[in-house]
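The residues making up each chain are set out below.
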Amino acid sequence: MSVLPLVFTSGWASGINAYAVVLLLGIFGATGISDEVPASLQRTDVLVVAGVLFLCEAVADKIPYVDSLWDSVHTVIRPLAGAVVAALLAGESGSLPELAAGAVGGSTALMSHLVKAGTRMAVNTSPEPFSNIAVSTAEDLGVAGIITFAIFHPLPAAIIAATLLVLGIVILAFLASRIRRFLRRRAQRREEKRLAGTGSHWPPG
């Protein structure tokens, strides 16, 4: 069977939590659960680094505003990780050209990352932190579940991932107004800090 469904699913999941994808695939390969995982993802150093970064993301992703900053930093990292993982999977399978797999994985990761980042901006408009924790936990569990399912049933998992991606885009369109308010408030806070800093240079009257 073509590795394309697994490539698509891993790309979608990488856009949400790339470190979890690398960690899970590496563990599945190292334990012999799957023969689809390339040896480079099973290396101990790769698993250790992915595990540490996954823990960092698990914390940062649940803190309001810190999560949006983390997403901004990972705008390049997640699509790149999705492309690399996809290319490695294609190289291991031999049923799909690595360049094509990288394009599918990277573009899918970029789309899911933009949905994740935009949704998190909307969540940050809420004053309480519990929604961030709930959304982040749901994302972590969703990535773990869909990647595990994809190892055994790649085509149904890819259909689920595609459905979630489309659903996320639709939800993001409805949340666009909240995101714009969030960006305006953030720009206003920066301007207030700038003005406060400028005013502090003047001697008291």
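Residues numbered from 1 in each chain as written. Predicted model: local features only at pLDDT ≥ 70, side-chain atom pairs only at ≥ 80, totals over all residues. Heavy atoms only, no water.

Engineer: Give me the lowdown on the pattern of salt bridges, citing residues and values where you can.
Structural biologist: Two side chains bearing opposite charge may form a pair once their charged atoms approach each other closely. Under the definition given, this model contains nine salt bridges. D45 serves as the salt-bridge partner of R43, at 2.5 Å between the closest nitrogen and oxygen. Classification of R43 as partly exposed rests on a relative accessible area of 45%. The network of salt bridges with common partners includes D61, D67, K116, R120 and E139. (Salt bridge = Lys/Arg side-chain N within 4 Å of Asp/Glu carboxyl O. Buried < 20%, exposed > 50% of the residue type's maximum accessible area, 1.4 Å probe, protein only.)

Engineer: Report on the packing of helix 1 (residues 4-30) against helix 4 (residues 98-123), specifying residues and quantitative values.
Structural biologist: Helix 4 packs onto helix 1 with a crossing angle of 35 degrees between their chain directions and a minimal axis gap of 7 Å. Both helix 1 and helix 4 take part in a crossing whose hand is right-handed. Contact residues: L4, V7, F8, G11, W12, S14, G15 and I16 in helix 1; A101, V104, G105, T108, A109, S112, H113 and K116 in helix 4. Partitioning the contact of helix 1 with helix 4 into residue classes produces eight nonpolar, seven polar and one charged. (Axes fitted to C-alpha atoms, helices over the stretch in contact; angles between N-to-C directions. Helix = DSSP H or I, 4+ residues; strand = E, 2+ residues; numbered from the N terminus. Left-handed = near helix turned anticlockwise from the far one by under 90°. Contact = heavy atoms within 4.5 Å. Nonpolar A, V, L, I, M, F, W, Y, C, P; charged D, E, K, R; others polar.)

Engineer: For the environment of G118, give the residues involved together with the corresponding values.
Structural biologist: Here G118 lies in helix 4. Separated by 57 residues in the primary sequence, G118 and L175 have C-alpha atoms spaced 8.3 Å apart. Once residues within four sequence positions are removed from consideration, G118 is found in contact with L172 and I179.

Engineer: Could you give an account of the nonpolar core, with specific residues and numbers?
Structural biologist: V3, V7, W12, A13, L25, V143 and I147 are the most contacted members of the largest nonpolar core, which has 38 residues in total. A total of twelve residues in this core trace back to one element, the largest contributor, which is helix 1. When sequence neighbours within four positions are dropped, the list of residues in contact with W12 reads T108, A109, S112, I146, A161, L164 and L165. (Core = buried A, V, L, I, M, F, W, Y, C linked by side-chain atoms within 4.5 Å.)

Engineer: Summarise the packing of helix 1 against helix 3 (residues 66-93); cite the residues concerned and give the values.
Structural biologist: Running from N to C, helix 1 and helix 3 cross one another at 110 degrees; their axes reach a closest spacing of 8 Å. The orientation of helix 1 relative to helix 3 falls into the category roughly perpendicular. Here the hand of the crossing between helix 1 and helix 3 comes out right-handed. Touching L6, V7, S10, S14, G15, I16, A18, Y19, V22 and L25 of helix 1 are W70, H74, I77, R78, A81, G82, V85, A86 and L89, all from helix 3. Of the residues in the contact of helix 1 with helix 3, the class split is 13 nonpolar, five polar and one charged. (Parallel < 35°, antiparallel > 145°, perpendicular 65-115°, else oblique.)

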